[in-house]
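# Understanding the architecture of this molecule
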Amino acid sequence: MAEEIERDVMEFDVLIVGGGPSGLSAAIRLMQLAQESEQEISVCLVEKGSEIGAHILSGAILEPTALNELIPDWKEKGAPLNTPVGAEKIMFLSETGAVSTPQMFMPPAMHNHGNYIISLGNFCRWLGEQAEALGVDVYPGFTAAKTLYNADGSVKGIQTGDMGIQRDGTPGPQYEPGMELHAKYTFFAEGCRGHLGKALKAHFDLEKDVQPQTYGIGIKELWEIDPAQHQPGLVVHTAGWPLKPDTYGGSFLYHLEDNQVAVGFVVGLDYKNPYLSPFEEFQRFKTHPKIRATFEGGRRISYGARALNEGGLQCLPKLTFPGGVLTGCDAGTLNMPKIKGTHTAMKSGMLAAEAAFEALQENAESPAAELTAFTEKFNNSWVYDELSAARNVRPSFKWGLWVGTLLTGIDQVLLRGKAPWTLQHGHSDHETLVHKDKAAPITYPRPDGKITFDKLSSVFLSGTNHEEDQPIHLTLKDASVPVATNLALYDGPEQRFCPAGVYEYVEDESKQDGSQRLQINAQNCVHCKTCDIKDPTQNIVWVTPEGGGGPNYPNM
Amino acid sequence: MKILVPVKRVIDYSVKARVKSDQSGVELNNVKMSINPFDEIAIEEAIRLKEAGTASEVIAVSIGIEKTQETLRTALAMGADRAILINATDSVDVDIEPLAVAKLLAKVTAEEAPGMVILGKQAIDNDMNATGQMLSALLGWSQVTYASKIEVDGDTLNVTREVDDGLQNITAKMPAVVTADLRLNEPRYVKLPNIMKAKKKPLEMKTPEDYGIDVSPRLAVQSVVEPPARAAGIKVESVTELLDKLKTEAEVLS
Amino acid sequence: MSVLLVAEVLAGQLNKDSTAKALTAAAQLGAVDVLCASGGCGAAADELAALQGVNKVLCADDASYEYAMAEPMAALILSVADQYEHIVFPATTSGKNIAPRVAALLDVMVISEVMAINGPAEFVRPIYAGNAIQTVTTADAKKVMTIRTASFDSAAEGGSAAVESMAVVACDAPVAWVSNEVQESDRPELTSSDIIVSGGRGVGSEENFALIEALADKLGAAVGASRAAVDAGFAPNDWQVGQTGKIVAPQLYVAVGISGAIQHLAGMKDSKVIVAINKDEDAPIFQVADYGLVADLFDAVPEMTAAL
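This text gives an overview of the structure that appears in the document. (Residues numbered from 1 in each chain as written. Chains lettered and ligands numbered in written order. Predicted model: local features only at pLDDT ≥ 70, side-chain atom pairs only at ≥ 80, totals over all residues. Heavy atoms only, no water.)

## Notes on the overall build of chain B
For chain B, the helix and strand inventory stands at seven helices and 13 strands. Judged by the C-alpha coordinates and their principal axes, chain B covers about 65 × 45 × 40 Å. Taking all 254 residues of chain B together, 60% fall into the buried category. Summed over its atoms, the accessible surface of chain B is roughly 10100 Å², and 48% of this surface lies on carbon and sulfur atoms. When the 31 positive and 38 negative side-chain charges of chain B are each reduced to one mean point, those points stand 5 Å apart. (Helix = DSSP H or I, 4+ residues; strand = E, 2+ residues; numbered from the N terminus. Buried < 20%, exposed > 50% of the residue type's maximum accessible area, 1.4 Å probe, protein only. Areas by Shrake-Rupley, 256 points an atom, 1.4 Å probe, with all protein chains shown as cover. Lys, Arg positive; Asp, Glu negative; His and termini not counted. Charge placed at Lys NZ, Arg CZ, Asp CG, Glu CD.)

## Some points on the packing of aromatic side chains
Scanning the entire structure with this criterion turns up 17 aromatic pairs over all chains. Plain terms: the ring middles of Phe209(C) and Trp239(C) are 6.0 Å apart, the flat faces sit at 40° to each other, and that makes the pair tilted. One end of the pair, Phe209(C), is in helix H5 (residues 209–219); the other, Trp239(C), is in the loop between helix H6 (227–231) and strand S16 (252–256), with 30 residues separating them in the sequence. Aromatic ring contacts, followed pair by pair, group Tyr149(A), Phe188(A), Phe204(A) and Phe321(A) into a single cluster. Above the plane of the ring of Phe286(C) lies Lys235(B), whose end atom (NZ or CZ) is 4.7 Å from the centre. (Phe/Tyr/Trp six-rings, centres within 6.5 Å; stacked < 30°, edge-to-face > 60°. Lys NZ or Arg CZ within 6 Å of the ring centre and 35° of its normal.)

## Overview of helix H1 (residues 21–36) of chain A
All names here are of chain A. Here H1 contains 16 residues, and its C-alpha end-to-end distance of 22 Å stays within 8% of the 22 Å for a straight helix at 1.5 Å per residue. Burial runs high along H1: 14 of the 16 residues are buried. At the C-terminal side of H1, Glu38 shows a positive phi close to 50°. (Expected span 1.5 Å × (residues − 1).)

## Looking at the sheet that holds S16(C)
On the basis of which strands lie adjacent, the open sheet formed by six strands has the order S13(B)-S18(C)-S17(C)-S16(C)-S14(C)-S15(C) and parallel pairing. The two strands at the open ends of the sheet, each matched to only one other strand, are strand S13 (234–236) of chain B together with strand S15 (222–225) of chain C. Neighbour-to-neighbour, the strand axes of the sheet open up by a mean angle of 20°, direction not taken into account. Direction of pairing for S16(C) relative to strand S17 (residues 273–278) of chain C: parallel, over a ladder of five bridges. Looking at S17(C), one finds that Ala255(C) is bridged to Ala276(C). Sheet contacts for H5(C): strand S14 (195–199), S15 and S16 of chain C; angle to S14(C), the most-contacted strand, approximately 175°. In this fold helix H8 (residues 297–307) of chain C packs onto S16, S17 and strand S18 (291–294) of chain C, with an angle of close to 135° to the strand it touches most, S17(C). (Pairing = 2+ DSSP bridges. Axes fitted to C-alpha atoms, helices over the stretch in contact; angles between N-to-C directions. Contact = heavy atoms within 4.5 Å.)

## What about the interface of chain C and chain B?
Counting residues at the interface gives 77 residues for chain C and 70 residues for chain B. Each partner contributes to the roughly 6000 Å² buried at the junction of chain C and chain B, and carbon and sulfur atoms together form 55% of this total. The largest per-residue losses of area from chain C upon contact with chain B belong to Met109(C), Tyr128(C) and Tyr291(C), which jointly make up 14% of the total buried on that side. Scanning the region where chain C abuts chain B turns up five salt bridges. (Buried area = accessible area lost by both parts, 1.4 Å probe. Salt bridge = Lys/Arg side-chain N within 4 Å of Asp/Glu carboxyl O.)

## Section: the nonpolar core
With 90 residues, the main nonpolar core has Met134(B), Leu4(C), Ile77(C), Ile87(C), Phe89(C) and Val144(C) as its most contacted residues. Among the elements that line this core, the one with the most residues is helix H3 (residues 98–112) of chain B, at eight residues. Here Val144(C) is in contact with Ile87(C), Phe89(C), Ala99(C), Val102(C), Ala103(C), Leu106(C), Val108(C), Met109(C), Val110(C) and Ile111(C), once residues within four sequence places are set aside. Judged by nonpolar contacts, the second largest core, of 79 residues, contains Leu67(A), Tyr116(A), Leu351(A) and Ala359(A). (Core = buried A, V, L, I, M, F, W, Y, C linked by side-chain atoms within 4.5 Å.)

## Remarks on the packing of helix H2 (residues 69–78) of chain B against helix H5 (residues 192–200) of chain B
All names here are of chain B. Taken N-terminus to C-terminus, the directions of H2 and H5 make an angle of 120°; their axes are 8 Å apart at the nearest point. Relative to H5, the element H2 lies oblique. In this structure, H2 crosses over H5, and the sense of that crossing is right-handed. Residues Arg73, Leu76 and Ala77 of H2 pack against Asn194, Ile195, Ala198 and Lys199 of H5. Residue classes in the contact of H2 with H5 are distributed as four nonpolar, one polar and two charged. (Parallel < 35°, antiparallel > 145°, perpendicular 65-115°, else oblique. Left-handed = near helix turned anticlockwise from the far one by under 90°. Nonpolar A, V, L, I, M, F, W, Y, C, P; charged D, E, K, R; others polar.)

## Details of the packing of helix H4 (residues 131–139) of chain B against helix H4 (residues 93–106) of chain C
Contact geometry for H4(B) and H4(C): axes closest at 8 Å, N-to-C directions at 50°. Here H4(C) runs oblique to H4(B), going by the angle between their axes. Seen from above, H4(B) lies across H4(C) with right-handed handedness. Taking contact as the criterion, the partners of Gln133(B), Met134(B), Ser136(B), Ala137(B) and Leu138(B) in H4(B) are, on H4(C), Lys96(C), Asn97(C), Pro100(C), Arg101(C), Ala103(C), Ala104(C) and Leu105(C). Counted by class, the contact of H4(B) with H4(C) contains seven nonpolar, three polar and two charged residues.

## What to know about helix H4 (residues 195–203) of chain A
For H4(A), the set of buried residues is His195(A), Leu196(A), Gly197(A), Leu200(A) and Lys201(A). Asp205(A), located one to two residues past H4(A), shows a positive phi value of around 50°.

## Quick look at the environment of Ile339(A)
Inspection of the secondary structure puts Ile339(A) in the loop between helix H7 (328–331) and helix H8 (342–362). Sequence separation between Ile339(A) and Glu310(A) is 29 residues; the distance between their C-alpha atoms is 8.9 Å.

## Comments concerning the sheet that holds strand S12 (residues 162–165) of chain C
All names here are of chain C. A sheet is described by the order of its strands in space; here seven strands give the open sequence S7-S11-S6-S1-S4-S5-S12, paired in parallel fashion. Each edge of the sheet is formed by a strand with only one pairing partner; in this case those strands are strand S7 (110–114) and S12. With strand direction ignored, the average angle separating the axes of adjacent strands in the sheet is 25°.

## Here's the deal with the state of the cysteines
Going through the model one piece at a time under the given rule, you end up with zero disulfides over all chains. Considering cysteine sulfurs only, Cys192(A) is the nearest to Cys315(A), which forms no disulfide, with 11 Å between them. In this model Cys41(C) remains outside any disulfide bridge; the closest cysteine sulfur is found in Cys59(C), 3.6 Å from its own. Relative accessible area serves as the criterion here: at 0%, Cys41(C) is assigned to the buried category. (Disulfide = S-S within 2.5 Å.)

## Some thoughts on the side chain of Thr146(C)
Secondary-structure assignment places Thr146(C) in strand S11 (residues 143–147). Its relative accessible area of 2% is what places Thr146(C) among the buried residues.

## A word on the interface of chain C and chain A
At the interface, 16 residues of chain C touch 17 residues of chain A. By the criterion of area lost to chain A, the three top residues of chain C are Arg201(C), Arg227(C) and Asp231(C), representing 36% of everything that side buries. On the surface where chain C and chain A come into contact, there are two salt bridges. Where Arg201(C) meets Glu504(A), a salt bridge forms, and the shortest distance between an N and an O atom there is 2.6 Å. One can count five residue pairs in polar contact (both at pLDDT 80 or more) joining chain C with chain A. Of all the secondary-structure elements, those providing two or more residues to the side of chain C that touches chain A are H6 and helix H7 (262–268) of chain C. (Polar contact = N/O pair within 3.5 Å; in protein donor to acceptor, adjacent residues only side chain to side chain.)

## Comments concerning the pairing of strand S1 (residues 2–6) of chain C
All names here are of chain C. Among the five residues that make up S1, five are buried, leaving the element largely enclosed by the rest of the structure. Bridge analysis of S1 against strand S6 (residues 84–90) gives four bridges, and the strand direction is parallel. Residue pairing in the sheet places Leu4 in a bridge with Ile87 of S6. Bridging between S1 and strand S4 (residues 32–38) involves four bridges; their strand directions are parallel. Following the sheet pairing, Val3 is matched in S4 by Val32.

## Here we look at the pattern of salt bridges
All told, the structure shown has 59 salt bridges over all chains when counted by the stated rule. The salt bridge involving Arg125(A) is made with Glu51(A); its shortest N-O contact spans 3.2 Å. Separated by 74 residues along the polypeptide, Arg125(A) in helix H3 (residues 120–133) and Glu51(A) in the loop between strand S2 (43–47) and strand S3 (61–62) bring together distant segments of the chain. Lys245(B) is the salt-bridge partner of Glu249(B), the closest N and O atoms lying 3.4 Å from each other. Placement of the pair is Glu249(B) and Lys245(B) together in helix H7 (residues 239–249), with a separation of four residues, close to one helical turn. A cluster of three or more residues bridged by salt bridges with shared partners is formed by Glu224(A), Arg299(A), Arg18(B), Glu27(B) and Glu226(B).

Remember, this is a structural readout, not a statement about activity or role.
Structure, rendered in structure tokens:
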């Protein structure tokens, strides 16, 4: 239907897909370079969220290295970096107790002195204002639905999503066809597991020389707590309970300003037990005797979830292809031992911007097709050095928490990341689940509605909304697979790994034989991408819903 | 005929309003703000009247903080021709009351001389449902509230209104102040090139002083709290007992 | 000074329910005079006089007030406004149409949807669709307000107030009534119905929704649905009650096979009486229900329909 229609076209020098730290930093850097050399450049940024920051979720602790380079006078410009990191703690939890790691044994990467506890969403809102002030065309509420290619195979740009398509796929009365955005260079900065980035990696075979990417799911809540419990600047990380030692993951707990605390839980998506629910593990974590007190008498004010890359350097795809680049978490630049990706994502965007600007300066009309200079700049940057030093931490945990911790101690504290070996991650995350008959079911406690909650009341706090009358954006390659395979072999793990209650197996009334069907509540989707990653059959394909849909995170 | 469309910047309807712990109001910082949905319907109706040749120009006007420019840009991107922002406060927490808004709008109306003012029936933040009625009173124009259908017929406006027990058809002499109800239309999606064009459309900045209007509030907010949680009631054992309770105890069935 | 309550009288017919509830609120402010204006409203005035708490009824019987258009009504009210400190309307579409006009003409703010009265100048009202409750005081000498009828009980019968006729105020009304349209469907509108029967995913299929509809028709109720039921295709989109659907506050809300996700509760928690029928006794809907029945809906709903 949509194929025959003539679409409007707009042309830019550089098109950026995604208004996160890397995309916005790239946009800002491009404009700065253009101003410095008194040149005109047209830069367009599209963002699927209803506004910049609406879909941004992170811990977050910001290491201001890249920001200092990008906007040295960020303080004067009012950047929302309000809470310097103060006291720091790492605790290994058992069911009832906790052991803190002395500061001297903490890997250097986990020292946060000089860093800030921020809301990454608010930080991106501020970056968005800076970008707009510099003349970037910022368009929130518009999705990049698909990549467009030139006849020579290079990337031409993207097509924005159609608006007003009805549930059955036909155009409704308000139908507004998406348009084509063309650019000399398109930067894909969609964040972790971007749906165009995923397709581009396959199309250009960008991962052929690297290991499969590994991921984690991060679930976060924002609380307003009892002022007596609040210590602005306090940073707590935990490992151990409630996760079993064979599951990678841990928590973060950051005390921000205004009696707010960001608490979150990350579970490596290479977990094996299909009965594991990252959401429930997080809820249970909050009940630990050493943790619970923080939240007693407090009020939960926001909720969200997002997948993150954990693979690091050995999973980093080729960053460039004709007509475009991957930046930030769309490529996978997160530093896992630091549990930080903002500074590296920003820097990668800035480097891509510099490469693109130089290429446009050399030949404004038909610049070099592939920005290979970006890769060179990247490999010569501090981002590369950081990721190189970090490369062995995450894979060492495939042997479990204790071996991983020991190896990390050796690698990070003794060898300072300069080990002469590079560990392998092994499998892709969707391959790690064992069949249900080989797994022990997990019984999670019921939510108490005070410290722990159910999924739907959580999603309610994320401000998630999708236009109701639109096709389901969690697409299935084969509609029979969920029941025949996911349910039969793995007891429907999507019911548990989805942190938003999108997937439910319910009785199929049309069959009248007690058999089940997969119900997809697409409206609940918080765009975390976990299903796209962890579905054992890779049958679920996340595509962009109508622009502006998804969460509306405040302060996340 | 010009049409004036007042719009308000409010918390996006999909965001749950969160009461501040100091009970001073609802948290508005770093919260997604949007054009009041009923005002968006009003803008759409005005643009449709322009597209139909009935109106010649659509002017969007708003009263609020400087950032309300974004809301007006949305109206311009939908198709309004130009916009006026009366910057009446520096604080997102200050809600200019409908009476002051109506007085300002009466002044703007006197200056711009539109043939009609269309606005939302109420703002989804303070839920006052008053500005249109007040403006009509101050101007002495026909008051047409809760419109679900309007049709301009020379000097007459044929209107269908949403009332408690259904629909009511009325005729009103022009000029008129019309407040839009949910079913008046379904607003269009904004096109990307139109957002770009909207940046270049005129947006005039004004202050209440320019119009000689005092916007200080008449109402003082003492507290804003969350609604009390509903307590669980009782379990009944049977349909018979349920119906009995509904008749005799709750008195909602006869 | 006393209180003027503007009764809702349309085409001579008193909206007794809303007016009697607003009367209860008005009586908290002082002695209440009730304005009864419409065409042929003598009987309505007598009905009002028989309500407890009415000081006197002012009856303006004239065709120009037949459908309570805002312009003539406001002119009429203004002619006696100097005698009252409080001018009170039920928060019906008619009351909410007139009250702000009166307020503007008096140069005072209107106070909409008052749900509690703390004193002569302090009022409680919902904002953000009931997600927050605001307490305001007013500095205005005259207080013009609408009363959220769901928050007050009806004034009792048994009064015997005098009915005085009131002079008509000439008004060159620019708005003329043409006709009222009766709802096409026999079923009331979801957002204005006194009773709503809603089905959730527990209903199981589009066909089974007939059970819900049968009960609704027996009760003269509107039919609603949870988002889960709408998403599953059991019910049309415009039946959806909840955060992203319609917000309702009927006298009686019957939730059938609805688990009670918070998104649904956000759309119906202001209902006066909530009944839940669900076979899962742990369903969150029971936490807000006044009357819960743990039962298989396929037994309970037909039984209820038959018993009515």
